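Descriptive structure summary
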Amino acid sequence: MHSRRQVFSSVMRLFLRWFRLCPRRGRVRLPRRLQELWSYSRLLLKTLYFNTLTNSDVVMDCLLEPVFWLVDHLTRWFGVVFVCLVVVLTSSILFIAYFCLLPMVLHTYSTAWIVWHVCYGHWNLVMIVFHYYKATKTSPGHPPQMKTDVPAVSICKKCIIPKPARTHHCGICNTCILKMDHHCPWLNNCVGHFNHRYFFSFCLYMTLGCVYCSISGRNMFIDAYNAIEHFKSLDVEKQGVPVTGVGLLIGILPPGSMTGQSYYQTSPPPFTFRDKMFHKSIIYMWVLTSTVALALGGLTLWHAVLISRGETSIERHINSKETRRMQKKGKVFRNPFNYGRLNNWKVFFGVEKRSHWLTRVLLPSGHAPYGDGLTWDFYPHKKDMMAI
Ligand SMILES: [Zn+2]
Ligand SMILES: [Zn+2]
């Protein structure tokens, strides 16, 4: 048994020596590309097996690297498609609102309701467009590439630069992001320190806009749905089914055309193409806005909870892990960036005095967020930061 093992190890040694010597002695002339691939593979193997810090996580990371690469590239590419989708869907709802709903509101509603719909609708539209534009165009913020005095908590393995507190690396943007929340494909941008407020306000005002459309268009949706169903029933009757008195009851035929005997209905349809499109547009608008209101409403609520706690989406995972770890040790974890519920909101919206709730939250405002995103005051020092 012992000798067999010795023979096996000798054979393996010889085999490895042959491989090592092959390219140097030039017995087998490999193409340049293959040589590069060969030396890269050797380097990779050596890196894996000669690194004292190597563990199963590192090996799994290496094996899953192609999958991450694919997901990152697909998300980066789909970002543009998603942004176009947001613009096209929002524009379609606007088109329906201006060309189908507004003329009807102006003709049928009282003056007070007209003023309400025109004012609220336009204010909501301005807030959505402003915050979406700013969220997509504002850079989330990156740590400095050069060596600085900024206090760092770790080093980014990908960028090889110091990472300040709350900074994380985004694989899709391939850079470090200050106070990173997440990479949003709907914005095709990372959500970080400088555009977090724009992202949240966009979600909030888009949800409000969808809820507004869904509630105010509910009766119209029911009418349009019934009208389409009615039209379908007429279509069934037109498929060569003999029509007698039924046609008269549902208004297909002119009253004077009935002579008692059965015949095939040939009169023009009661709905024009324009009527049909109108009803279908109302149904499309109501279904789309109600669905978005539910989905985006849930997301907005979740982000509101995180902001109240002074956490980002990434920190939620880190903090829950840390809470469990501390619990095992019989200790309590306290989030150092939680300044109290109301103060968290003030810091988030940049509210420094009462009037800012109106000018900076309820109206479009391009003010910079609190702080530079590089250094952070911790909880005990910031308890009474904004006494208003
Ligand atoms: Zn990085
Ligand atoms: Zn990103």
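As annotated in an unreviewed UniProt entry, the chain carries the name Palmitoyltransferase and is attributed to Megalops atlanticus. Recorded in UniProt for the chain, the comment headed Catalytic activity (unreviewed entry) runs: "L-cysteinyl-[protein] + hexadecanoyl-CoA = S-hexadecanoyl-L-cysteinyl-[protein] + CoA". Database annotation for the chain, UniProt heading Subcellular location (unreviewed entry): "Membrane".

When helices and strands are tallied, the chain shows eleven helices and six strands. For the chain, long-range pairs separated by at least 24 residues make up 61% of all intrachain contacts whose partners lie at least 6 apart in sequence.

Below, the discussion takes up the nonpolar core. Ranked by size, the top nonpolar core spans 38 residues in total, and within it Ile177, Phe199, Phe202, Cys203 and Met206 carry the most contacts. For this core, the secondary structure elements donating two or more residues are helix H3 (56-108), helix H4 (111-137), strand E4 (175-177), strand E6 (189-191), helix H5 (196-216) and helix H8 (273-309). If you tally residues by element for this core, the top one is H5, at ten residues. The contacts of Phe199, once residues within four sequence positions are left out, are Ala135, Cys184, Leu187 and Val191.

This part is about the UniProt feature "transmembrane region" (unreviewed entry) in the chain. Under the local residue numbering, the UniProt record ascribes the feature "transmembrane region" (unreviewed entry) to residues 77-101, 113-133, 198-215 and 283-305. Structurally, residues 113-133 is divided into 100% helix and 0% strand, and its ends, taken at the C-alpha atoms, are 30 Å apart. Annotation note: span residues 283-305, helix share 100%, strand share 0%, distance between end C-alpha atoms 33 Å.

Inspection of the sheet shows strand E1 (residues 152-155) paired to strand E2 (residues 162-164) by three bridges, in the antiparallel sense. The residue of E2 that forms the bridge with Ala152 is Pro164. Turn length for the E1-E2 hairpin, with the two strands adjacent in sequence and antiparallel, is six residues, and the turn residue Ile160 shows positive phi of about 55 degrees.

Mapping Asn174 onto the fold places it in the loop between strand E3 (168-170) and E4. Residue class for Asn174 comes out exposed when judged on the 11 C-beta atoms lying within 10 Å of it. Residues Asn174 and Asp72, 102 residues apart in the sequence, show an inter-C-alpha distance of 9.1 Å.

Moving on, we get to helix H10 (residues 341-349). By the burial criterion, the buried members of H10 are Lys346, Val347 and Phe349. Among the structural elements, H5 and helix H11 (356-362) are those in contact with the buried residues of H10. The first or second residue beyond H10 is Gly350, which carries a positive phi of 70 degrees.

Time to look at the packing of H3 against H8. The interhelical angle for the contact between H3 and H8, taken along N-to-C directions, is 135 degrees, at an axis separation of 10 Å. Taken together, the axes of H3 and H8 are oblique relative to one another. As for how H3 packs across H8, the hand of that crossing is left-handed. For the pair formed by H3 and H8, the contact residues are Leu89, Ile93, Ile96 and Cys100 on the first element and Phe278, Ser281, Ile282, Met285, Leu288 and Thr289 on the second. Partitioned by chemical class, the residues of the contact of H3 with H8 number eight nonpolar, two polar and no charged.

Moving on to H3. Structural remark: α-helix, 3.6 residues per turn; residues separated by three or four positions point the same way. At Leu64, H3 shows its maximal bend, which comes to roughly 50 degrees, and the proline Pro66 appears one to four places after that position. The element H3 is largely exposed, with a buried count of five among its 53 residues. Along H3, the residues that are buried comprise Gly79, Ile93, Ile96, Ala97 and Leu101.

Turning next to the environment of Asn188. Note that Asn188 resides in the loop between strand E5 (182-184) and E6. Separated by 112 residues in the primary sequence, Asn188 and Arg76 place their C-alpha atoms 7.2 Å from one another. Leaving out residues up to four positions away in the same chain, Asn188 has contacts with Gly79, Val80, Phe82, Val83 and Thr136.

This next bit is on the confidence of the model for the chain. Averaged over every residue, the pLDDT of the chain is 82; residues scoring 70 or more account for 79%. Low pLDDT, under 50, characterises residues 240-264; the predicted model gives this stretch 23 contacts beyond four residues in sequence or across chains. Here residues 380-388 is a poorly scored stretch, pLDDT under 50, and it has ten contacts once near neighbours within four places are set aside; other chains count.

The residue Arg166 is not glycine, and still its phi comes out positive at about 70 degrees. Mapped onto the fold, Arg166 is located in the loop between E2 and E3. We note that Asn174 has phi near 60 degrees; this positive angle belongs to a residue other than glycine.

Thresholds, definitions, all that
Residues numbered from 1 in each chain as written. Chains lettered and ligands numbered in written order. Predicted model: local features only at pLDDT ≥ 70, side-chain atom pairs only at ≥ 80, totals over all residues. UniProt positions renumbered as here; feature names shortened; annotations may be inferred. Helix = DSSP H or I, 4+ residues; strand = E, 2+ residues; numbered from the N terminus. Contact = placed C-beta atoms within 7 Å. Core = buried A, V, L, I, M, F, W, Y, C linked by C-beta atoms within 7 Å. Buried ≥ 20, exposed ≤ 12 C-beta atoms within 10 Å, placed from the backbone. Pairing = 2+ DSSP bridges. Axes fitted to C-alpha atoms, helices over the stretch in contact; angles between N-to-C directions. Parallel < 35°, antiparallel > 145°, perpendicular 65-115°, else oblique. Left-handed = near helix turned anticlockwise from the far one by under 90°. Nonpolar A, V, L, I, M, F, W, Y, C, P; charged D, E, K, R; others polar. Bend = angle between axes of the 7 residues up to and from the residue. pLDDT = per-residue confidence, 0-100.

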